[in-house]
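Results of the structural survey
Residue-level listing of the chains:
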Amino acid sequence: MLSKRALLVVGTAGLLALPAAHAESGAIDRGRVMADSCLTCHGSEGKGPGPMPSIAGLTKQGLINRMTAFRDRDTDATIMNRHAAGYTDEEIRAIAAHIAGSD
Amino acid sequence: MMGTTCSTWTRRQLLKAGGIGGIALAFGGAARGAGSTGAAKRVVVVGGGAGGATCAKYLRRYDPSIRVTLVERDPHYYTCFGGNWYLGGFHKLEDLRHGYDALRKNHGVAVVHDEVTGWDPDKGQVTLAEGKALPFDRLVVAPGIDFRWDQVAGMSEADTERVPHAWKGGEQYRLLRRQLAAMDDGGTVVLCPPANPFRCPPGPYERASLIADYLKAKKPNSKVLVLDAKDGFSKQGLFEEGWRQLYGDRIEWVAGSQGGVLHRVDPKQRKVLTQEGFQEHRADVLNVIPPQRAGKIARTMGLTDDSGWCPVDQRTFESTLRPNVHVLGDAAIAGAMPKSGHSANNQAKLTAAAVVALFNDREVPEPTVANTCYSLVGPRYGISVAAVYRYRDGQLRGVEGAGGVSPGDAEEFLRVREARYTRGWYAAITDDIFG
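Quantities reported herein were computed from a predicted structural model and do not represent experimental measurements.

**Re unusual backbone geometry**
All names here are of chain B.
- Between Asn196 and the following residue, Pro197, the backbone shows a cis peptide bond with an omega angle of -5°.
- Relative to the helices and strands, Pro197 resides in the loop between β11 (188-192) and α7 (203-218).
- Its identity is not glycine, yet Cys200 carries a phi of approximately 65°, on the positive side.
- Among the structural elements, Cys200 can be located in the loop between β11 and α7.
- Using a relative accessible area of 26% as the deciding quantity, one classes Cys200 as partly exposed.
- Within the chain, Arg270 stands out as a residue other than glycine whose phi angle is a positive 55°.
- Summarising the element assignment, Arg270 is placed in the loop between β14 (262-266) and β15 (271-274).

Right under this line is the structure:
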């Protein structure tokens with residue numbers, strides 16, 4: 001916990017224009033928004049409530065592999081093959097980076 | 001408020017985010033908009049449903065320096081999605097109810113339970129029925145739908161206790177459920193779905209399915225008659241296959257051009273006339289789902305066009321009729337995206353990111369978004385339709401080769417799996433919207 005004086009210093013520093021916490025240079029990149037669109041089915045933390053599979057524990061490459069397999073119809077799926085087919089390689093990489101990168 | 005939001009972060013994230021400034025934000029220091037010189041940016045979100053609540057939450061997630069006020073008349077939101085499971089008798093109404101505590105506590109959204117009655121675009125304020133006017137720098141309007149009673153001859157809103165629409169959540173569903181429970185065996189339930197576009201394209205057919213499931217068990221001599229304004233419907237092949245497998249001939253669907261179009265409703269007698277008035281159908285339970293348009297406040301605010309819906313720039317969902325206002329969810333014209341809770345949720349994230357970009361004079365991200373509609377043909381028989389949308393040539397268009405419906409003629413285990421995912425989807429989306 002910072003001392004009162006330190007807080008005053010810090011508070012003043014906060015008056016400087018600084019990037020918003022999650023916005024890199026004032027904008028949210030599309031990879032982040034696309035990754036967030038996955039949460040609609042996989043839950044707000046990506047951990048998959050109930051029967052929904054979790055996407056939160058996978059590595060970036062793991063997610064890329066999974067989404068690519070779905071897109072190529074190379075793996076068992078009910079709906080993910082239909083979803084994955086909608087994304088380009090670049091989009092899959094961007095989505096995977098965000099999901100794997102989040103805490 | 002800032003403290004509440006940032007308390008969920010680790011110190012490492014705060015330091016990464018903006019060094020000293022990050023810590024300043026965490027300790028409730030000056031909430032300065034990024035890249036701006038003045039006070040914190042304020043966004044007012046009108047409507048606390050799937051679209052509005054998601055947008056309020058994600059605005060805070062994307063940029064905690066933005067002050068977000070969500071105005072929602074009701075203290076709780078009853079989802080329409082999942083409502084048919086309650087009508088079918090295997091789900092509780094309370095499980096469809098969601099509150100705003102998490103939005104307040106976890107995300108620092110200021111939630112005001114009041115009704116927006118209008119606005120002053122020049123002053124940049126919305127007027128409330130009870131409280132003081134709320135100033136905004138940008139406005140998000142997600143008012144859902146309103147019904148076109150002028151297009152239903154013979155009935156009005158005043159008749160909806162006798163002839164429920166149950167096309168908005170909560171009390172209307174309770175009414176319809178009670179009527180179904182009270183109906184004698186041998187009765188006929190008549191459902192009248194509207195012409196496109198309307199909220200939740202597969203909804204009426206999931207409803208017919210689950211009412212049939214209930215009747216099969218409890219009132220086996222009863223029937224469901226669907227008098228449709230349309231000649232086709234969402235996931236029709238799959239629904240009809242499921243109806244044959246599960247319900248025999250318990251559900252009869254009449255296409256618009258084959259006599260399904262409503263000519264007139266007699267709510268007192270629960271009768272409908274079709275075929276220009278030459279055919280009469282008596283119902284023991286009558287569910288008329290009227291044609292729709294954008295929620296009333298959108299009209300009041302001048303955000304609708306002649307179609308009754310709200311035209312927007314589909315990269316940002318900013319109204320094309322008024323600057324500084326975004327409209328999303330059912331009320332908006334969103335290209336190929338259907339009117340669904342899932343669409344509203346995705347549009348809300350796109351809009352939140354766009355608002356952040358606009359506040360900072362940056363390029364909007366134009367993410368690819370999606371929709372998924374899960375339907376239960378029976379409690380253990382699920383089907384789905386999915387689509388992915390990308391902005392191209394002025395519209396959100398379905399991505400070629402992606403999306404589609406569940407396979408027809410599938411094994412039982414697939415239907416059981418999708419039924420499980422249907423329930424999982426509900427838990428996930430409501431967690432995403434309200435959690």
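**Some words on the environment of B:Tyr426**
All names here are of chain B.
- Position of Tyr426 relative to the elements: it lies in helix α11 (residues 412-434).
- Tyr426 sits 48 residues away from Gly378 along the chain, and the two C-alpha atoms are 16 Å apart.
- If we skip the residues at most four places from it in the chain, Tyr426 touches Thr79, Phe81, Gly82, Trp85, Asp95, Leu96 and His98.
- Of the polar contacts made by the side chain of Tyr426, one reaches the side chain of His98; its length is 2.9 Å.

**A word on the sheet that holds strand β13 (residues 251-254) of chain B**
Residue and element names in this part refer to chain B.
- Reading across the sheet, the four strands line up as β13-β12-β11-β17 and stay open at both edges, with parallel pairing between neighbours. The sheet is open, and its two borders are formed by β13 and β17 (285-288), each paired with just one other strand. Shown here is a sheet whose adjacent strand axes are inclined to one another by a mean of 15°, direction ignored.
- Strands β11, β12 (223-227), β13 and β17 of the sheet are contacted by α7, whose axis makes an angle of about 165° with β12.

**Observations concerning the environment of B:Gly259**
Residues and elements named next belong to chain B.
- The residue Gly259 is located in the loop between β13 and β14 in this model.
- Judged by relative accessible area, Gly259 falls into the buried class, the value being 3%.
- When the C-alpha positions of Gly259 and Gln275 are compared, they lie 5.3 Å apart, and in sequence the two are 16 residues distant.

**Points about the nonpolar core**
- B:Leu59, B:Leu139, B:Val141, B:Val224, B:Trp243 and B:Leu286 are the most contacted members of the largest nonpolar core, which has 129 residues in total.
- The element contributing the most residues to this core is helix α10 (residues 341-359) of chain B, with eight residues.
- With residues near it in sequence (within four places) discarded, B:Val141 still touches B:Val46, B:Ile297, B:Met301, B:Leu303, B:Val325, B:His326, B:Val327 and B:Leu328.
- Counting 18 residues, the second-largest nonpolar core is a separate cluster that includes A:Ile55, A:Leu63, B:Val388 and B:Val399.

**Here's the deal with the side chain of B:Ser222**
All names here are of chain B.
- Within the fold, Ser222 resides in the loop between α7 and β12.
- Using a relative accessible area of 1% as the deciding quantity, one classes Ser222 as buried.
- Reaching out from Ser222, the side chain makes a polar contact with the side chain of Asp185 at a distance of 3.3 Å.
- Within the structure, the side chain of Ser222 is placed 2.9 Å from the backbone oxygen of Lys219, a separation counted as a polar contact.

**Comments concerning the pattern of salt bridges**
Residue and element names in this part refer to chain B.
- According to the stated counting rule, one finds 26 salt bridges over all chains in the structure shown.
- Salt-bridge contacts for Arg415 lead to Glu241; the nearest nitrogen and oxygen are separated by 3.3 Å. Residue Arg415 is found in helix α11, and its partner Glu241 is found in helix α8 (residues 236-247); the two are separated by 174 residues along the sequence.
- Accessibility expressed as a relative area gives 12% for Glu241, which makes it buried.
- Put simply, Glu94, Arg97, Glu171 and Arg174 are held in one network by salt bridges that share partners.

**A few points about the confidence of the model for chain A**
- With 74% of its residues at a pLDDT of 70 or more, chain A shows a mean pLDDT of 81.
- In this model residues 6-22 of chain A is a low-confidence stretch, pLDDT under 50, and it forms 34 contacts with partners more than four residues away in sequence or in other chains.

**Details of the sheet that holds β14(B)**
All names here are of chain B.
- If you trace the three strands from one edge of the open sheet to the other, you get β14-β15-β16, paired in antiparallel fashion. Looking at the sheet topology across the chains shown, the edges are occupied by β14 and β16 (279-282). Sheet twist, expressed as the average angle between the axes of neighbouring strands with direction ignored, equals 20°.
- Bridge analysis of β15 against β16 gives four bridges, and the strand direction is antiparallel. Directly across from Thr274, in β16, lies its bridge partner Gln279.

Rules and cut-offs
- Residues numbered from 1 in each chain as written.
- Chains lettered and ligands numbered in written order.
- Predicted model: local features only at pLDDT ≥ 70, side-chain atom pairs only at ≥ 80, totals over all residues.
- Heavy atoms only, no water.
- Helix = DSSP H or I, 4+ residues; strand = E, 2+ residues; numbered from the N terminus.
- Buried < 20%, exposed > 50% of the residue type's maximum accessible area, 1.4 Å probe, protein only.
- Contact = heavy atoms within 4.5 Å.
- Polar contact = N/O pair within 3.5 Å; in protein donor to acceptor, adjacent residues only side chain to side chain.
- Pairing = 2+ DSSP bridges.
- Axes fitted to C-alpha atoms, helices over the stretch in contact; angles between N-to-C directions.
- Core = buried A, V, L, I, M, F, W, Y, C linked by side-chain atoms within 4.5 Å.
- Salt bridge = Lys/Arg side-chain N within 4 Å of Asp/Glu carboxyl O.
- pLDDT = per-residue confidence, 0-100.

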